[in-house]
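Listed below are the residues making up each chain.
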Amino acid sequence: MSRLSSSMSSSMSLSVSSPITASCSVLLLLVGGMASSHADSMSVLIAQKSAQSDLSARYTPSYSTVPSAKISTRSRIQRADSYRADTAVTAPVGSTAYRYPERAYQAPSVLPAFLSGSYDNVDSEYLPILSSAERQSSMAAREVISTARKMALNERTIIQGGCWDYLDAVFKRAGVTRDTVHKGTYRQGPYAHSSQIEAGDWLYYINHGYNGVEHSGLFVGWVDERAKQALILSYAGENRREPARYRVYDLSNVYQIMRPSV
């Protein structure tokens, strides 16, 4: 009985294990086939990619390495109103008008009535110097300057003779005398320093603008003291029949000064 049971158990074990083994074999065959198929697909894909890389490398031109360009975003256009930075006077921000250097003298805001006319023997830009000389001078100098101005601009007086005769008539008409405060000679000097000269002085100087001859005139004021440029009332004479005129002269060599006094 025991042998029969053992024999039946063995037969059942064999009958059960046979289908399982067959199923496993079929499963392994399927998995192996899929793996083989997948491996073949990957091999084909890798081969295609390699072929594309070779083709791209073959037909892609090679370029030499070019350094990157340095690009500046800063504008090189200079505005017209940036010029003011090198001038002596800096213009206010936003201003495009050029400011001329200020003159050495300060012009009054309104000229006096006696200088409101139109004159051909004085440049209008020098009228403020003439006005300032009459206002700021001593009493004797003021009389001389105002008398000379009336004779030259208003009356246009003609005097027989030259520069000396004209100024002599001015001093006499003003009712003043003259004192010599500096005396030199035409060729040897000594020549006066600019600080020695005052408005209303009767000067003798070398006329560098006319062949270096000696000349005399009435000092009104400095246009540019450093450059020795001054406004002078000058009378040409020489039978020209012209009134005295205010002109700028070089006073580098003044060798005599006569000052009005009462």
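Structure shown above.
Keep in mind that this is a model prediction, so the values were computed, not measured.

What counts, and at which threshold
- Residues numbered from 1 in each chain as written.
- Predicted model: local features only at pLDDT ≥ 70, side-chain atom pairs only at ≥ 80, totals over all residues.
- Heavy atoms only, no water.
- Helix = DSSP H or I, 4+ residues; strand = E, 2+ residues; numbered from the N terminus.
- Buried < 20%, exposed > 50% of the residue type's maximum accessible area, 1.4 Å probe, protein only.
- Contact = heavy atoms within 4.5 Å.
- Pairing = 2+ DSSP bridges.
- Axes fitted to C-alpha atoms, helices over the stretch in contact; angles between N-to-C directions.
- Left-handed = near helix turned anticlockwise from the far one by under 90°.
- Nonpolar A, V, L, I, M, F, W, Y, C, P; charged D, E, K, R; others polar.

> Explain the overall build of the protein to me, using residue names and the numbers behind them.
Of regular secondary structure, the protein possesses four helices and six strands. Put simply, the protein runs from its N terminus to its C terminus through helices and strands in the order α-α-α-α-β-β-β-β-β-β. Taking all 262 residues of the protein together, the buried fraction comes to 31%. Pairs at least 24 residues apart make up 57% of the contacts formed inside the protein by residues separated by at least 6 positions.

> Which residues make up helix 2 (residues 127–136), and what values go with them?
Where burial is concerned, most of helix 2 is hidden: eight out of the 10 residues are buried. Among all positions in helix 2, only Leu-127, Pro-128, Ile-129, Leu-130, Ser-131, Ser-132, Ala-133 and Glu-134 are buried. The secondary structure elements touched by the buried residues of helix 2 are helix 3 (139–154), strand 3 (213–224), strand 4 (229–234) and strand 5 (245–250).

> Tell me about the pairing of strand 4, and please be specific about residues and values.
Strand 4 sits mainly inside the fold: five of its six residues count as buried. Two strands pair when backbone bridges link them, and strand 3 and strand 4 are joined in this way by five bridges, in the antiparallel orientation. The residue bridging Asp-224 from the neighbouring strand is Gln-229, located in strand 4. With antiparallel pairing between neighbouring strands as the criterion, strand 3 and strand 4 make up a hairpin whose turn holds four residues, including Lys-228 at a positive phi of roughly 60°.

> Please provide a residue-by-residue account of the packing of helix 2 against helix 3, values included.
Axis separation between helix 2 and helix 3 bottoms out at 8 Å; the angle between their running directions is 145°. Crossing of helix 2 over helix 3 shows left-handed handedness. Contacts between helix 2 and helix 3 involve Leu-130, Ala-133, Glu-134 and Arg-135 from the former and Arg-142, Ile-145, Ser-146, Arg-149 and Leu-153 from the latter. A class-by-class count of the residues in the contact of helix 2 with helix 3 yields four nonpolar, one polar and four charged.

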